[in-house]
Amino acid sequence: MFIRAVAALVLVVSPAVAASYRSAEVWDGDKVQKNVCVNIQGDKIQSVGACPPGAIDMSRYTAIPGMIDVHTHMTYVYENPVSQAGRGAAVVYLAASNAKKTLETGVTTVRDLGSQNYSDIAMRDLINKKLMTGPRMFVAGYGLQIQRGANVTPNTATGSAEVMRVVRLQVFAGADYIKMYGSTGSGQDVTQLETFTYEEMKAAVDAAHAPGKRIAIHSYGPDDATITEMARRKTWYVPAIDHNRYYADNYKLLGYPAKAVDGLNDYIARNLVTAKKAWKGGVRFAMGSDAVSTMFGENTREPGWFVKAGMTPEQALRTATVNGAELLGQEKSLGALRPDYFADVVAVEGDPLADIQVAIDKVRWVMKGGEVVVDKTK
Ligand SMILES: [Zn+2]
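Basis of the calculations
Residues numbered from 1 in each chain as written. Predicted model: local features only at pLDDT ≥ 70, side-chain atom pairs only at ≥ 80, totals over all residues. Heavy atoms only, no water. Buried < 20%, exposed > 50% of the residue type's maximum accessible area, 1.4 Å probe, protein only. Helix = DSSP H or I, 4+ residues; strand = E, 2+ residues; numbered from the N terminus. Contact = heavy atoms within 4.5 Å. Donors = N, O, S within 2.8 Å, 3.2 Å for Na, K, Ca; no water. Polar contact = N/O pair within 3.5 Å; in protein donor to acceptor, adjacent residues only side chain to side chain. Axes fitted to C-alpha atoms, helices over the stretch in contact; angles between N-to-C directions. Left-handed = near helix turned anticlockwise from the far one by under 90°. Nonpolar A, V, L, I, M, F, W, Y, C, P; charged D, E, K, R; others polar.

Caption draft 1: The arrangement of helix α3 (residues 119-128) in detail. Among all positions in α3, only Ser119, Asp120, Ile121, Met123, Arg124 and Ile127 are buried. Structurally, α3 contributes buried residues whose contacts are with α2 (87-104), β7 (107-112), β8 (136-139), α4 (160-173) and β14 (363-368). One or two steps after α3, the chain reaches Lys130, where phi turns positive at roughly 60°.

Caption draft 2: Looking closely at the coordination of the zinc ion. Note on the zinc ion: its protein donors are His71 (NE2), His73 (NE2) and Asp290 (OD). The metal-donor distances range over 2.0 to 2.3 Å. Mapped onto the sequence, the donors of the zinc ion take the spacing H-x1-H-x216-D. Within this pair, whereas His73 is found in the loop between β6 (67-72) and α2, its partner Asp290 is found in the loop between β12 (284-285) and α10 (302-308), the two being separated by 217 residues in sequence. The pair formed by His73 and Asp290 is uniform in burial state, with each residue classed as buried.

Caption draft 3: Structural detail: the side chain of Asn39. In this fold, Asn39 is placed in strand β2 (residues 32-41). There is a polar contact of 2.5 Å between the side chain of Asn39 and the side chain of Ser20. At 3.2 Å, the side chain of Asn39 and the backbone oxygen of Ala50 are in polar contact. Residues contacting Asn39, with those up to four places away along its chain left out, are Ala19, Ser20, Lys44, Ile45, Gln46, Ser47, Gly49, Ala50 and Pro52.

Caption draft 4: Summary view of the packing of α4 against helix α5 (residues 198-209). With their axes 8 Å apart at the nearest point, α4 and α5 run at an angle of 30° to one another. Regarding α4 and α5, the two cross each other, and that crossing is right-handed. Packed against α4, whose contacting residues are Ser160, Val163, Met164 and Val167, the element α5 presents Glu199, Glu200, Ala203, Ala204, Ala207 and Ala208 at the interface. When its residues are assigned to classes, the contact of α4 with α5 shows seven nonpolar, one polar and two charged.

In structure tokens form, the structure reads like this:
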């Protein structure tokens, strides 16, 4: 009886499914290999190399690692017609389409930087348990903001002690990362005034680092001294140039006045100048779209701006893969096609190292953790 029970159990945990995909070219995050297979075992990559018999032919495509968007707001849904009491639950339901659209761009991992009611944490967990389809999410819970009106909300903090308390609340709620809004500037507002004081920001950094979390600071308008300091400290820079392009393109939909477009375009130009200086100055970049509302599906346009800022297509592609993984502290499992890494693979039509637009516009097939989640090859 006992032995039979064990045998039944073994059947349930049957060996992970293996599959091999033949590519004409594989860019593994570091170099190109020609006429090889990406061999998958379960949710991991077993090897990139010789093809076994029966490999699936994907030789029309170039394989690249699943991309990483390190700045999203997956739960900022465009429309939420539900009354106040049910809004949190409705947000998770409505944000499912943002998650799907993100996968279609070849993004298999996101860092989501700010949400309400911990709906980001709910999404992350639903996706991890395969109850929702979406990219794996590293989430921040509430982003810290200064108090502006009379209302104290769960994310507002004044003074170092309160800042530390709110940071710890996010950590205990299950946040992977801490987010702080260190300056004004968002939507049609392109002002760049510091909000939290140096002491408050330091308190947030210390409170995040104590339990081993990293912190992202929203900041409009760094100067040359900031760039030098970022290069020296190896601080990641996520310019999100393209999110103001999205706001400018969609000003009517978003209800901005026409004159806001001039301010946004002016800011885009200045943001690009800063990115050029930072790239020349040796600052490390990662790709972040700052996608909100209807921007999902346009998550990967940012590397196009990075090429304009002076990167080669390959360097721009690194910002969306290996660099994103390192920013998240996941450089040993994400962002590259190597043995024992998660089987996050994107098939693009063309050579993204010759033209970055291939990675942006020509995504045909996406695998996340060994499962095909997008297939436009037929
Ligand atoms: Zn943001």
